Amino acid sequence: MTLLQIMPEHAPGDVLLRTGDEHRIAAALRECGVEFRRWGLRRALTGTDSAEDVLALYRAEVDELCAREGLRVVDVARLLPEPGPEWEEKARQARSTFLAEHRHAEDEVRFFAHGAGCFYLHVDGKVYAVVCTAGDLLSVPAGTRHWFDMGGRPEFAAVRFFKEKDGWVGDFTGDTIASRFPDLDALLAADA
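What counts, and at which threshold
- Residues numbered from 1 in each chain as written.
- Predicted model: local features only at pLDDT ≥ 70, side-chain atom pairs only at ≥ 80, totals over all residues.
- Heavy atoms only, no water.
- Buried < 20%, exposed > 50% of the residue type's maximum accessible area, 1.4 Å probe, protein only.
- Helix = DSSP H or I, 4+ residues; strand = E, 2+ residues; numbered from the N terminus.
- Arc of directions from axis to C-beta.
- Contact = heavy atoms within 4.5 Å.
- Salt bridge = Lys/Arg side-chain N within 4 Å of Asp/Glu carboxyl O.
- Polar contact = N/O pair within 3.5 Å; in protein donor to acceptor, adjacent residues only side chain to side chain.
- Phe/Tyr/Trp six-rings, centres within 6.5 Å; stacked < 30°, edge-to-face > 60°.

S.K.: Residue-level account of helix H3 (residues 59–69), with values.
M.R.: Looking at H3, one finds that the buried residues are Glu61, Val62, Leu65 and Cys66. All buried residues of H3 project into a common sector of 130 degrees when viewed along the axis, lining one side. Pointing more than 90 degrees away from the buried face of H3 are the exposed residues Ala60 and Ala67. Along its buried surface, H3 packs onto strand E3 (35–38), strand E4 (73–79), strand E6 (108–123), strand E8 (136–140) and strand E10 (156–162). One or two steps after H3, the chain reaches glycine 70, where phi turns positive at roughly 70 degrees.

And the structure:
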């Protein structure tokens with residue numbers, strides 16, 4: 001389920017807004033310069049779909065977005081559960097990579113074709129936890145402090161868009177704010 005939860009940066013337990021309504025999500029994010037919208041899903045992805053298959057499914061949308069925004073580099077980041085301890089270690093390492101607050105020199109644009117992940121945006125004294133699920137497109141402006149959580153058992157495929165090959169490289173702030181906020185699993189468990 002797509003979800004937005006807004007919390008004060010100094011009071012993670014206080015919830016200012018929690019909604020799954022895509023129009024309210026888009027409106028709240030627009031106020032801090034973040035674009036949120038949905039693309040129609042073509043079909044459910046399988047473990048055998050390649051990155052090329054994912055891009056082919058959304059070729060028209062990908063090409064239109066690249067042309068409009070001047071994006072030249074497109075790839076697919078994906079992590080799907082596999083049996084065994086090797087995958088568990090791979091998932092743990094992948095998850096820990098972007099759990100610390102960072103920013104990028106260019107916009108961070110992601111389309112979720114499968115699964116879920118959560119972007120935490122640290123803007124104007126608030127933290128916006130945006131749980132993105134299949135069909136969600138999020139565009140975070142360059143320089144926005146944020147972190148990303150893929151959950152304890154990551155399962156997602158996201159199309160990533162960049163202007164330059166190194167556009168994904170994070171500039172880590174050194175702030176430990178991420179450790180004080182509920183992770184993706186806790187956000188989703190709140191509705192269970």
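S.K.: Requested: an account of the pattern of salt bridges, with residues and values cited.
M.R.: For the coordinates displayed, the defined rule picks out 16 salt bridges. Measuring nitrogen to oxygen at the nearest pair gives 2.6 Å for the salt bridge that ties glutamate 89 to arginine 92. Pair noted here: glutamate 89 and arginine 92 are both in helix H4 (residues 85–97), with a separation of three residues, about one helical turn.

S.K.: Describe the side chain of threonine 2, listing the residues and the values that go with them.
M.R.: Topologically, threonine 2 is positioned in the segment before strand E1 (3–8). The class of threonine 2 is buried, set by a relative accessible area of 12%. Side chain to side chain, threonine 2 and aspartate 136 meet in a polar contact 2.7 Å long. Setting aside chain neighbours within four positions, we find threonine 2 in contact with Thr19, Gly20, Ile25, Phe36, Arg38, Val131, Thr133 and Asp136.

S.K.: Explain the packing of aromatic side chains to me, and be specific about the residues and the numbers.
M.R.: Any aromatic ring pair is given by two values, namely how distant the centres are and how the planes are angled relative to each other. Applying the stated criterion across every chain, the model contains ten aromatic pairs. Note on phenylalanine 148 and phenylalanine 156: the rings are 6.1 Å apart at their centroids and 75 degrees apart in plane angle, and the pair reads as edge-to-face. Taken individually, phenylalanine 148 and phenylalanine 156 each receive the classification buried, so the pair is uniform in this respect. Ring-pair connections join several aromatic residues into one group, and the members of that group are Trp39, Tyr58, Phe111 and Phe161.

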